[in-house]
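In case you want the letters, here they are:
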Amino acid sequence: MDIRQLECFVAVAEELHFRRAGERLGLSQSALSERISALEHDVGARLFFRTTRQVSLTQAGAEFVRDAKRILADIERSVSNVRHTAESDLRHIRVSGVDEAISMLLPQALLAFRQIDPKVHVQVLEISSSEQHSQELIGHRTDVAFVRTPQQDEFITSELLHRQPVLVVLADANPLSGSASLSASDIADQPIVGYPKHARPILHEALWRGFRQIGTQPNIVCEIIDKSTLLQFVAHGLGIALVPAWVKNISPPGVTFVPFEPCENQIELYVAFRKSGNSETVKRFVDTVRTISV
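Since the structure is predicted, the reported quantities are computational estimates derived from the model, not experimental observations.

A. A look at the packing of helix α1 (residues 3-15) against helix α2 (residues 18-25). Put simply, α1 and α2 touch, their axes get as near as 8 Å, and they point 135 degrees apart. Between α1 and α2, the interaxial angle falls into the category oblique. The two elements α1 and α2 meet at a crossing, and its hand is right-handed. For the pair formed by α1 and α2, the contact residues are Arg 4, Glu 7, Cys 8, Ala 11, Val 12, Glu 14 and Glu 15 on the first element and Phe 18, Arg 20, Ala 21, Arg 24 and Leu 25 on the second.

What follows is the structure, given as structure tokens:
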């Protein structure tokens with residue numbers, strides 16, 4: 001049994017189609033079939049039911065596919081660890097993060113870190129999904145990630161950097177702009193510029209949770225991912241929106257920020273990194289981030 005046989009088995013198990021699996025692997029159907037037959041011989045069990053029209057997993061195949069995927073993932077992780085260790089003498093850091101971290105926190109961190117290590121090279125990757133950050137860390141494709149939700153498993157850990165309130169942003173001409181605070185019931189009749197759930201799940205949920213509590217739905221006129229674009233929509237009077245407090249630093253003229261009630265609505269920022277296998281450069285960078293976030 002070899003790694004290529006496992007890769008072939010997983011591809012067929014996921015595609016349930018030899019031609020598509022072969023195209024995915026760059027193999028002919030006959031070569032793929034030979035490898036699957038050899039694997040079945042090695043494990044001493046039939047892994048697929050095959051007819052001219054259909055391919056399906058046997059019970060043994062369904063059990064084996066979970067182990068095969070885990071084995072392949074372990075091998076990929078081990079290879080990544082070796083490569084990363086070999087590269088650890090290079091003075092570089094790969095950083096990924098949500099918009100606030102990339103726009104506001106990372107520049108401060110890099111300026112402070114250059115006082116310690118002026119020759120370090122930093123590669124920055126902007127990603128909005130905390131789950132994707134986790135996979136990038138496990139796969140050694142990034143070294144430090146700034147995320148909205150805590151990350152904790154056998155490979156990754158995270159630390160809370162800070163919390164900040166959720167605000168309502170309105171055009172200055174909006175009669176509600178002079179309010180001391182606003183709740184969902186206060187903005188129930190307002191047109192709202194919202195966020196797609198997949199892209200901004202925390203702000204999306206903060207809005208919808210508030211409206212569920214008053215038994216109605218928000219009047220969402222459009223959904224936008226980029227906060228700079230959202231602020232322009234609000235400034236032109238197309239609607240109001242919920243934003244984290246840091247957005248005040250990039251706001252255009254003509255908008256006002258009002259606290260969104262209840263005050264339990266908070267946006268958190270965490271720094272996440274691998275529990276082991278980090279270079280000394282990465283460790284020093286994390287220490288720098290801790291210092292500037294106090």
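Next comes the rest of the write-up.
B. Highlighting the packing of aromatic side chains. Following the criterion strictly, the structure yields four aromatic pairs and no others. Ring geometry for Phe 9 against Phe 64: centres 5.2 Å apart, planes inclined by 35 degrees, an arrangement best described as tilted. Of this pair, Phe 9 sits in helix α1 while Phe 64 sits in helix α4 (residues 59-87), and the two are 55 residues apart along the sequence. Here the two residues Phe 9 and Phe 64 agree in accessibility, since each one is buried. Between Phe 113 and Phe 285 the ring centres are 5.5 Å apart and the planes differ by 90 degrees, which places this aromatic pair in the edge-to-face class. Separated by 172 residues along the polypeptide, Phe 113 in helix α5 (residues 99-116) and Phe 285 in helix α9 (residues 280-292) bring together distant segments of the chain. Across this residue pair, the class does not change: Phe 113 and Phe 285 are buried. Taken together, the aromatic side chains of Phe 9, Phe 18, Phe 48 and Phe 64 make up a single cluster linked through ring pairs.

C. Focus on the nonpolar core. Val 169, Ile 187, Leu 230, Leu 242, Val 243 and Phe 257 are the most contacted members of the largest nonpolar core, which totals 32 residues. At the level of elements, β6 (156-171), β7 (191-194), α7 (201-213), α8 (227-235), β9 (241-244) and β10 (255-259) are the ones that each hand at least two residues to this core. The biggest single contributor to this core is β6, with five residues. If we skip the residues at most four places from it in the chain, Val 243 touches Pro 165, Val 166, Leu 167, Val 169, Tyr 195, Leu 203, Leu 230 and Phe 257.

D. Spatial organisation of unusual backbone geometry. In the segment running from Glu 261 into Pro 262, the intervening peptide bond is cis, with an omega of 5 degrees. You can see Pro 262 is positioned in the loop between β10 and β11 (266-274). In this model, His 140 sits at a positive phi of 60 degrees, which is unusual for a non-glycine residue. Mapped onto the fold, His 140 is located in the loop between α6 (130-138) and β5 (144-147).

Reading the values: the criteria
Residues numbered from 1 in each chain as written. Predicted model: local features only at pLDDT ≥ 70, side-chain atom pairs only at ≥ 80, totals over all residues. Heavy atoms only, no water. Axes fitted to C-alpha atoms, helices over the stretch in contact; angles between N-to-C directions. Helix = DSSP H or I, 4+ residues; strand = E, 2+ residues; numbered from the N terminus. Parallel < 35°, antiparallel > 145°, perpendicular 65-115°, else oblique. Left-handed = near helix turned anticlockwise from the far one by under 90°. Contact = heavy atoms within 4.5 Å. Phe/Tyr/Trp six-rings, centres within 6.5 Å; stacked < 30°, edge-to-face > 60°. Buried < 20%, exposed > 50% of the residue type's maximum accessible area, 1.4 Å probe, protein only. Core = buried A, V, L, I, M, F, W, Y, C linked by side-chain atoms within 4.5 Å.

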